[in-house]
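# Observations on the three-dimensional arrangement
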Amino acid sequence: MLREEIKAGTALGNAAKSIMASGGLVGDDLVNRMLAQRVSSPDSAHGFLLDGYPRTVEQAEYLDRLLGQHRFQTPIVLHLDVPMDALVGRLTSRRQCPQCKRIYNLLQLPPRVAGICDDDGTPLITRKDDSKEVVTERIRTYDEVTRPVLAYYQDRKYHQIRGDRSPEYIFETITSILEPMVSKNGANCRANGKGGG
């Protein structure tokens, strides 16, 4: 959502751009306004997925109020818990093609030729927000600001998933959590004559 706003050059996106480039977390007010706009879109009417939000307790409280206004159910929280060293390694190993925007990971999905995009031969770059300094600052800020969100959701539909396991394990675990809900809501939508789930 943040990157879409930045790419579109909106006022909200421009305000977020400089904060993200320095490794900081975009403030609650700015992110909440983006979220409120996005949730009001027709394609969010049957539910939506938020990745990386809420990041503060204040955002979680705002989300509760917003969901109540739109009459959405209590959110299902999927927490992919990754050890610190693995997280730093993953993020600092990302490379991107500045031409086609394809993303590589030197540890898990490297290009065929080191430093060169498979699709168009352009030299790959490290995004500013993937440098070790920026990643380290983001993690420090996460520990200080975001960890309390986990406690906020602890007694709700909260699921902690080991994020250092195989992609297959993570996919199967998430599917086992979401499938019963999607099946139930899909049946309800069909019964009400609406599409989607």
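See the structure printed just above.
What counts, and at which threshold
Residues numbered from 1 in each chain as written. Predicted model: local features only at pLDDT ≥ 70, side-chain atom pairs only at ≥ 80, totals over all residues. Heavy atoms only, no water. 1 Å grid on protein atoms, 1.4 Å probe; cavity = no way out; pocket = protein on both sides within 12 Å on 5 of 7 lines; lining within 4 Å. Points joined across faces, edges and corners; volume = space filled by probe spheres on them. Helix = DSSP H or I, 4+ residues; strand = E, 2+ residues; numbered from the N terminus. Nonpolar A, V, L, I, M, F, W, Y, C, P; charged D, E, K, R; others polar. Phe/Tyr/Trp six-rings, centres within 6.5 Å; stacked < 30°, edge-to-face > 60°. Lys NZ or Arg CZ within 6 Å of the ring centre and 35° of its normal.

Turning to the layout of surface pockets, a few remarks are in order. Approximately 510 Å³ is the volume attributed to the second largest pocket. If you trace the second largest pocket, you find 16 residues lining it, with Arg3, Ile6, Gln96, Arg127 and Asp129 closest to the centre. Listing elements by their share of the lining of the second largest pocket, those giving two or more residues are α1 (2–8) and α2 (11–21). In the lining of the second largest pocket, the residues fall into seven nonpolar, two polar and seven charged.

Going through the model one piece at a time under the given rule, you end up with two aromatic pairs. Taking the centre distance of 5.3 Å and the plane angle of 90° together, the rings of Phe48 and Phe72 count as edge-to-face. Of this pair, Phe48 sits in the loop between α3 (28–39) and α4 (57–69) while Phe72 sits in the loop between α4 and β1 (77–81), and the two are 24 residues apart along the sequence. Sitting above the plane of the Tyr169 ring, Arg165 keeps its charged end 4.0 Å from the centroid.

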